[in-house]
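Spelled out from the first residue to the last, the chains are:
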Amino acid sequence: MRFRHPDGTTVHLAYCTNVHPAETFDGVLAQLRDHCEPVRRRLGRDRLGIGLWLARDAARTLAADPSALRTLRDELDRRGLEVVTLNGFPYEGFGADEVKYRVYRPDWTDPERLEYTTALARVLTGLLPDDVTEGSVSTLPLAWRTAPGPHRALDALRVLGERLDALAELTGRSVRVGLEPEPGCVVETTGDALAPLTAIGHPRIGVCVDTCHLATSFEDPRRALDALTEARVPVVKAQLSAALHAGQPHLPEVRRALAAFAEPRFLHQTRTLTAAGLRGTDDLHEALTGDALPDAAPWRAHFHVPLHAAPAPPLTSTLPVLKAALARLVGGPRPLTRHLEVETYTWQALPPELRPRTRDRLADGIAAELTLARDLLTDLGLKELP
């Protein structure tokens, strides 16, 4: 979906396909047929943007085989889909029964992360629509906080910047890569991103702002985005997502409601803001155990809840944080980013009674999220394009 900002800039809105597990090239083609095209049809659009997640095997196939890349591009065109952004955070196994800490491996201290991200950038130059010259890739924020040798990560990103420059010169298309701050990682907040990205100082390497992560860390959206702007750190893309919010975690009924979201597949980092600063646990079930986390102030958990359907009381979502961030991202005289991506990958991790049981129900939910995002954009003065 494309929108015209009042300054004339085209802003792209997509949804991320990491909600549809696929590890291979054939699996990606099946995603387009079984999920992405049905979402487009529900929205009544001739064209729908998707943020592709390409696992290691699929990325290698597409980078090594020009005919496979042409096939994918043809399938996108045939099904009314377009790609300007890729999700390069998960490397493989995102559809596994247990993901947890595995999603952070390999990190940017491992040469394989550099090779994988380089492959994604090369593939993206071949997938961009004919009238688009800039793509984006989101990636993990260096490493999980316990990883050794963070200087190696910065060295790898400097090499990546050189490769992106060479790719732009070769293809005439620019790909930018954004570190996605996430609780528990070396770069947990947008503030943590300032020092390493300023040190790298490359215009094609910046930040991917995920509004669920922003909210989980209790960052103020306007202050965070203004700091990035002042430091001249580019916002490569933004992921529109909402975290789980519990206003009174000391109450037994709130604890019971939260426990329904403590599931075994993904890591749900949980945070609270105290007078002494941010406190947290690596997972929601840890926060619910004993007194691991102070409960005098609200808790927020890294659980991407559907944008259009906040949990039932006594819980809610951080949709207001998303709205505030979006207003700063694209509501001003010039957009801070041109790539927006709805990223709710946890549909099948929701409490059983909230999970979509069929492909049709999942497509309905994704279409509803995109409709909400579209309405937020038009309310900010952007014009939806055909």
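As a reminder, the structure under discussion sits directly above these lines.
A. Here's a closer look at the overall build of the protein. Summing up its helical and strand segments, the protein has 12 helices and 15 strands in all. A globule of 386 residues ought to have a C-alpha radius of gyration of about 21 Å, and the protein, at 20 Å, matches this closely. A principal-axis box enclosing the C-alpha atoms of the protein has dimensions of 55 × 45 × 45 Å. Buried positions account for 60% of the 386 residues belonging to the protein. For the protein, contacts bridging at least 24 residues in sequence account for 80% of all contacts bridging at least 6. Between the mean site of the 46 positive side-chain charges and the mean site of the 51 negative ones, the protein shows a separation of 3 Å.

B. How the structure looks around the environment of Leu315. Assignment of secondary structure puts Leu315 in strand S13 (residues 315–317). Judged by relative accessible area, which is 6%, Leu315 ranks as buried. Residues Leu315 and His245 lie 70 residues apart in sequence; the distance between their C-alpha atoms is 5.9 Å. Residues contacting Leu315, with those up to four places away along its chain left out, are Leu244, His245, Ala246, Val254, Ala257, Leu258 and Phe261.

C. How the structure looks around the pattern of salt bridges. In the structure shown here, the tally under the stated rule is 30 salt bridges. The partner of Glu82 in a salt bridge is Arg47, and the shortest N-O contact between them spans 3.9 Å. Of this pair, Glu82 sits in strand S4 (residues 81–87) while Arg47 sits in the loop between helix H1 (25–43) and strand S3 (48–53), placing them 35 residues apart in sequence. On the basis of relative accessible area, Glu82 is assigned to the buried category, the value being 6%. With a shortest N-O distance of 2.4 Å, Asp165 and Arg204 are connected by a salt bridge. Remark: Arg204 occurs in the loop between helix H6 (190–200) and strand S7 (205–210) and Asp165 occurs in helix H5 (residues 150–171); sequence separation between them is 39 residues. What emerges from the salt-bridge pattern is a single network uniting Glu37, Arg40, Arg41, Glu75, Arg78 and Arg79.

D. Broad picture of the packing of aromatic side chains. Taken as a whole, this structure holds nine aromatic pairs when the rule is applied. Both rings, one in Phe89 and one in Tyr104, keep their centres 6.0 Å apart while their planes meet at 65°; by these two values the pair is edge-to-face. Separated by 15 residues along the polypeptide, Phe89 in the loop between S4 and helix H4 (111–127) and Tyr104 in the loop between S4 and H4 bring together distant segments of the chain. When sorted by exposure, Phe89 lands in the same class as Tyr104, which is buried. When the ring of Tyr101 is compared with that of Trp144, the centres are 5.3 Å apart and the planes differ by 85°; the resulting orientation is edge-to-face.

E. Up close: the packing of H1 against helix H12 (residues 359–379). Viewed as axis vectors pointing N to C, H1 and H12 meet at an angle of 55°, and their least axial separation amounts to 9 Å. Accordingly, the angle class assigned to the pair H1 and H12 is oblique. Of the two elements, H1 crosses H12, and the hand of that crossing is right-handed. Residue-level contacts link Asp34, His35, Val39, Arg42 and Leu43 of H1 to Arg359, Asp360, Leu362, Ala363, Asp364, Ile366, Ala367, Leu370 and Thr371 of H12.

Cut-offs used in this document
- Residues numbered from 1 in each chain as written.
- Predicted model: local features only at pLDDT ≥ 70, side-chain atom pairs only at ≥ 80, totals over all residues.
- Heavy atoms only, no water.
- Helix = DSSP H or I, 4+ residues; strand = E, 2+ residues; numbered from the N terminus.
- Rg over C-alpha atoms; globule rule 2.2 N^0.38 Å.
- Buried < 20%, exposed > 50% of the residue type's maximum accessible area, 1.4 Å probe, protein only.
- Contact = heavy atoms within 4.5 Å.
- Lys, Arg positive; Asp, Glu negative; His and termini not counted.
- Charge placed at Lys NZ, Arg CZ, Asp CG, Glu CD.
- Salt bridge = Lys/Arg side-chain N within 4 Å of Asp/Glu carboxyl O.
- Phe/Tyr/Trp six-rings, centres within 6.5 Å; stacked < 30°, edge-to-face > 60°.
- Axes fitted to C-alpha atoms, helices over the stretch in contact; angles between N-to-C directions.
- Parallel < 35°, antiparallel > 145°, perpendicular 65-115°, else oblique.
- Left-handed = near helix turned anticlockwise from the far one by under 90°.

Functional significance is not addressed by these values, which are geometric in nature.
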